[in-house]
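Residue-level structural notes
Chain residues, written in single-letter form:
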Amino acid sequence: MSFYLILLSLATILSLLIPTLHAQSAPAPAPSGPINIAGILEKAGQYINFIRLLNQTQAGNQINNQVNNSNEGMTVFAPTDNAFLNLPAGTLNKLSAQQQVQLVQYHVLPKYYTIENLQTVSNPVRTQATGQDGAVFGLNFTGQGNQVNVSTGIVDVPIYNAVRKNFPLAVYQVDKVLLPTEFYQAKAPSPSPPALNGTKSNSGDGSKTPDAPSPANGSGKMSFGFGLVSGLWLMLCYLV
């Protein structure tokens, strides 16, 4: 009987020790690292062209730095590879290096927005490109329910899928590249220089005007003529 009591006691002790041993040996959860926009898109797939633009323009690093150090968060609209394939031939090649940066920044809002938030924003919504070259570079949002459309004035496309929706970064899939109207608006011509007056100068500084003719020469001729007439009149009076 005592043998069974010993076994029962050992079993009780082991049942108490085993959970403790498991708890001590279980690995601690790995801390989540900083947010990396390129890594998020690579994991999702079908964003190779957008990732390439993020890297070429260094906009990806700017997004990572800002989203990891901001209380406002950020929102990114990521065009799929098919969206880039559907662009007119040569569209990206025609853009300057500055315009390529602006194009990527135009897909980024400097604030975190949910789908519900985007339905109630005041249009146009500023982007990372807003204010450059004195231009608006804004996006307009419309929709209801779970359907939201984003419009640039040239491109209008629904937001289909949330690649990531947790604060501080929201990433939404779009099936068209968001081309800003600012790329297609002619810039106002620079003002012409003020017209110069027609007066020419004798010196190079233009501060002098031609000298007015001296009135002395004309008055001398008049005095001579008057004296001649007076002399003739006196001679006639003397002869008479």
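Residue positions are counted from 1 within each chain, in the order its sequence is given. Since the coordinates come from a predicted model, pLDDT governs what is reported: local features require at least 70, and pairs of side-chain atoms require 80 or more to be given and counted, while whole-chain, interface and lining totals use all residues. Based on all heavy atoms of the structure, the side-chain values leave hydrogens and waters out of the count.

**Description of helix 4 (residues 59-67)**
Think of it in three bands: with a 1.4 Å probe and only protein chains considered, a residue is buried below 20% of the maximum accessible area for its type, exposed above 50%, and partly exposed in between. Secondary structure is summarised from DSSP: a helix means a run of H or I of at least four residues, a strand means a run of E of at least two, and numbering begins at the N terminus for each. Taken residue by residue, helix 4 has Ala59, Gly60, Ile63, Asn64 and Val67 as its buried positions. Take helix 4 and look down its axis: the buried residues cluster within an arc of 140°, on one side only. Contacts are residue-level and defined by heavy atoms, with any inter-residue pair within 4.5 Å sufficient. Looking at the buried positions of helix 4, the neighbouring elements they touch are helix 2 (37-44), helix 3 (48-56), strand 1 (74-79), helix 6 (97-106), strand 2 (108-109) and strand 7 (169-174). What the arc describes is the spread of directions from the helix axis to the C-beta atoms.

**Section: the confidence of the model for the protein chain**
Per-residue confidence from the predictor is reported as pLDDT, which spans 0 to 100. Of the residues in the protein chain, 64% reach a pLDDT of 70 or more, and the chain-wide mean stands at 78. Residue range residues 194-226 is modelled with pLDDT below 50. Its contacts to residues more than four positions away, or to other chains, number 10 contacts. This model gives residues 231-240 a pLDDT under 50, and the stretch forms 0 contacts once residues within four places in sequence are excluded.

**Concerning the packing of helix 3 against helix 6**
Axis separation between helix 3 and helix 6 bottoms out at 10 Å; the angle between their running directions is 120°. Here helix 3 is positioned oblique relative to helix 6, judged by the angle of their axes. Crossing handedness for the pair helix 3 and helix 6: left-handed. Counting all contacts with helix 3, which are made through Phe50, Leu53, Leu54 and Gln56, the residues of helix 6 involved are Gln100, Leu103 and Val104. Polar here means any residue outside two lists: the nonpolar Ala, Val, Leu, Ile, Met, Phe, Trp, Tyr, Cys and Pro, and the charged Asp, Glu, Lys and Arg; Gly therefore counts as polar. Its residues placed into classes, the contact of helix 3 with helix 6 shows 5 nonpolar, 2 polar and no charged. Between N-to-C directions, angles span 0 to 180 degrees; the directions come from axes that are lines fitted to C-alpha atoms, helices contributing only their stretch in contact. By the definition adopted for this analysis, an angle is roughly parallel if under 35 degrees, roughly antiparallel if over 145, roughly perpendicular if from 65 to 115, and oblique otherwise. The sense of a crossing depends on the near helix, which, turned anticlockwise from the far helix by less than a right angle, makes the crossing left-handed and, turned clockwise, makes it right-handed.

**Description of unusual backbone geometry**
In this structure, the amide linkage connecting Asn123 to the following residue, Pro124, adopts the cis form with an omega of -5°. Turning to its location among the elements, Pro124 is positioned in the loop between helix 7 (115-118) and strand 3 (125-126). A positive phi angle, close to 60°, is found at Gln46, a residue other than glycine. Examined against the element boundaries, Gln46 turns out to sit in the loop between helix 2 and helix 3. One non-glycine residue, Gln58, lies in the positive phi region at around 65°. Classification of Gln58 by relative accessible area gives partly exposed; the value is 42%.

**Some points on the nonpolar core**
Judged by nonpolar contacts, the single largest core of 51 residues is most densely connected at Leu41, Phe77, Leu118, Phe141, Ile159 and Leu169. Apart from the residues lying within four places of it in its own chain, the contact partners of Ile159 are Phe77, Ile115, Leu118, Phe141, Gln147, Val148, Val150, Tyr172, Gln173 and Val174. Put simply, buried Ala, Val, Leu, Ile, Met, Phe, Trp, Tyr and Cys residues joined by side-chain atoms within 4.5 Å make one nonpolar core.

**Considerations on the sheet that holds strand 1**
By the convention used here, strands pair only if DSSP detects at least 2 bridges between them. Spatially, 2-1-7-6-5-4-3 is the arrangement adopted by the 7 strands of the open sheet, whose pairing is mixed. Each edge of the open sheet is held by one strand with a lone partner, namely strand 2 and strand 3. In the sheet, strand 4 (residues 138-144) pairs with strand 5 (residues 147-151) via 5 bridges, with the strands oriented antiparallel. Looking across to strand 5, one finds that Asn140 is bridged to Ser151. Lying on the sheet, helix 4 is in contact with strand 1, strand 2 and strand 7; it crosses strand 1 at an angle near 150°.

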